[in-house]
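Single-letter residue listing:
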Amino acid sequence: MPSLKDLKNRIGSVKSTQKITSAMKMVAAAKLRKAQEQALASRPYTSLMDNIVSKIASKASGSSIDLLAGKPENKTHLLVVFSADRGLCGGFNGSITRTVRSEVKKLKDEGIEVKLLMVGKKSADALNRDFGELFVEKIDGKSAKPNYSDAEVLAKKIIDLFEDRQFGVCKVIYNKFVSAITQEVTFKSLIPVEVKQNEIEQDNSSSIYDFEPGEEEILNDLLPRNLATQLFSSQIESTASELAARMTAMDNATRNAGDMIDNLTLQYNRTRQAVITKELIEIISGAEAL
């Protein structure tokens, strides 16, 4: 049985931990509001960019633009993985890591080579032991503050690798923000571009567009911008999901610490009462012996 001093020290330690988790919860909650607004505000722009690319791509039938169609003959896939640079955010990083492991295994079973471009430290560290040889690059320190200029740099790296025939298909994996307690691991194809067939059919049935300059010239300028936009949107969604997961995890940790303090306090009081009772029995027994 632990002594009174040990129980008192443990209660103090848990109280200190509770203060830290409570402070982290409040910080994450304060940052989450701005990140959530940013994520929700970015979705119409991303969706509109998808629609524009789909409409123009439908007119450029038989286009030889590689970014639009990819390189099916190249049996190598590049996975761009967004995770967090810090922990203490529940299952946020674990869900991404498990999904990447499953996807790599699935692609290898199909005879497809895989390369990984890791944005965020935690998943990269978790996957480094098993898949370190597949890493194209590991980028740290970008998860907390999404920046469009960083997305443009990342898009250029991907395009350079694509033009160098390092891969034929590129997908991004990230956590999409749904709510403060729900984040959804999402796949999105960057190369080839996901073309929305329903938008094409609706557009063809309602009106006819003429493009000036030609469709291919527009796409040559638009597709790199679209790639940067999709990456920036994925980073924003991932950041909002990280903050939401951290807020929820720290809230649960604070509650658990409170429950542990209550249990330890009860155990401390019982132990103290047992010590007092034992001392009284010894005093009474000594007095009767005299």
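Above this note sits the structure.
What you see is a predicted model, and the numbers here were worked out from it, not measured in a lab.

A. Focus on helix α7 (residues 215-289). The end-to-end C-alpha distance of α7, which contains 75 residues, comes to 108 Å, matching closely the 111 Å that a straight helix rising 1.5 Å per residue would cover. In the structure, α7 departs most strongly from a straight axis at Leu222, where the bend amounts to approximately 30 degrees and where the proline Pro224 lies between one and four residues downstream.

B. Fine view of a nonpolar patch on the surface. Taken together, the side chains of Ile276, Leu280, Ile283 and Ile284 present a nonpolar region at the surface, about 370 Å² in accessible area. Residue placement: Ile276 occurs in helix α7.

C. Region of the structure containing the sheet that holds strand β4 (residues 169-179). Spatial strand order, β3-β2-β1-β4-β5: 5 strands in an open sheet with mixed pairing. Looking at which strands have only one partner, the edges of the open sheet turn out to be β3 (135-139) and β5 (182-191). Strand-to-strand twist across the sheet, computed as the mean angle between neighbouring axes with direction ignored, equals 20 degrees. Note: strand β2 (residues 113-119) against β3, 4 bridges, orientation parallel. Counted as the bridge partner of Leu117 is Glu137 from β3. Sheet strands in contact with α7 are β1 (76-82), β2, β4 and β5, and its direction is about 40 degrees off that of β4.

D. Examining the pattern of salt bridges more closely. Under the defined criterion, the tally for this structure stands at 12 salt bridges. Salt-bridge contacts for Lys157 lead to Glu137; the nearest nitrogen and oxygen are separated by 2.8 Å. Linking Lys157 in helix α5 (residues 148-163) with Glu137 in strand β3, this pair joins segments that are 20 residues apart in sequence.

E. Highlighting the side chain of Asn226. If you trace the backbone, Asn226 turns up in helix α7. Overall, Asn226 belongs to the buried group, its relative accessible area being 4%. Among residues more than four places away in sequence, those in contact with Asn226 are Met49, Asp50, Val53 and Val193.

F. Quick look at the nonpolar core. Among the nonpolar cores identified, the biggest contains 44 residues, and Val80, Leu154, Ile158 and Leu231 are the most heavily contacted of them. If you list the elements that add at least two residues to this core, you get α1 (4-59), α2 (66-69), β1, β2, α5, β4, β5 and α7. At 13 residues, the largest contribution of residues to this core is made by α7. Among residues more than four places away in sequence, those in contact with Leu154 are Val80, Phe82, Leu117, Val119, Ile139 and Leu231.

G. Representation of the pairing of β5 in the model. In the sheet, β4 pairs with β5 via 9 bridges, with the strands oriented antiparallel. Residue pairing across strands places Ser179 opposite Thr182, the latter belonging to β5. The loop that links β4 with its antiparallel partner β5 comprises 2 residues.

H. Molecular detail of a positive patch on the surface. Taken together, Lys31, Lys34, Arg86 and Lys145 make up a surface patch of like positive charges. Mapping Lys34 onto the fold places it in helix α1.

I. Focus on the packing of α1 against α7. It is the contact of α1 with α7, at a shortest axis distance of 5 Å, that shows an interaxial angle of 160 degrees. Relative to α7, α1 is oriented roughly antiparallel. As for the relative orientation of α1 and α7, their crossing is left-handed in sense. In the contact of α1 with α7, the residues fall into 33 nonpolar, 16 polar and 14 charged.

Conventions we followed
Residues numbered from 1 in each chain as written. Predicted model: local features only at pLDDT ≥ 70, side-chain atom pairs only at ≥ 80, totals over all residues. Heavy atoms only, no water. Helix = DSSP H or I, 4+ residues; strand = E, 2+ residues; numbered from the N terminus. Expected span 1.5 Å × (residues − 1). Bend = angle between axes of the 7 residues up to and from the residue. Patch = residues over 30% accessible without salt bridge, like charges linked within 9 Å, V, L, I, M, F, W, Y side chains within 5 Å. Areas by Shrake-Rupley, 256 points an atom, 1.4 Å probe, with all protein chains shown as cover. Salt bridge = Lys/Arg side-chain N within 4 Å of Asp/Glu carboxyl O. Pairing = 2+ DSSP bridges. Axes fitted to C-alpha atoms, helices over the stretch in contact; angles between N-to-C directions. Contact = heavy atoms within 4.5 Å. Buried < 20%, exposed > 50% of the residue type's maximum accessible area, 1.4 Å probe, protein only. Core = buried A, V, L, I, M, F, W, Y, C linked by side-chain atoms within 4.5 Å. Lys, Arg positive; Asp, Glu negative; His and termini not counted. Charge placed at Lys NZ, Arg CZ, Asp CG, Glu CD. Parallel < 35°, antiparallel > 145°, perpendicular 65-115°, else oblique. Left-handed = near helix turned anticlockwise from the far one by under 90°. Nonpolar A, V, L, I, M, F, W, Y, C, P; charged D, E, K, R; others polar.

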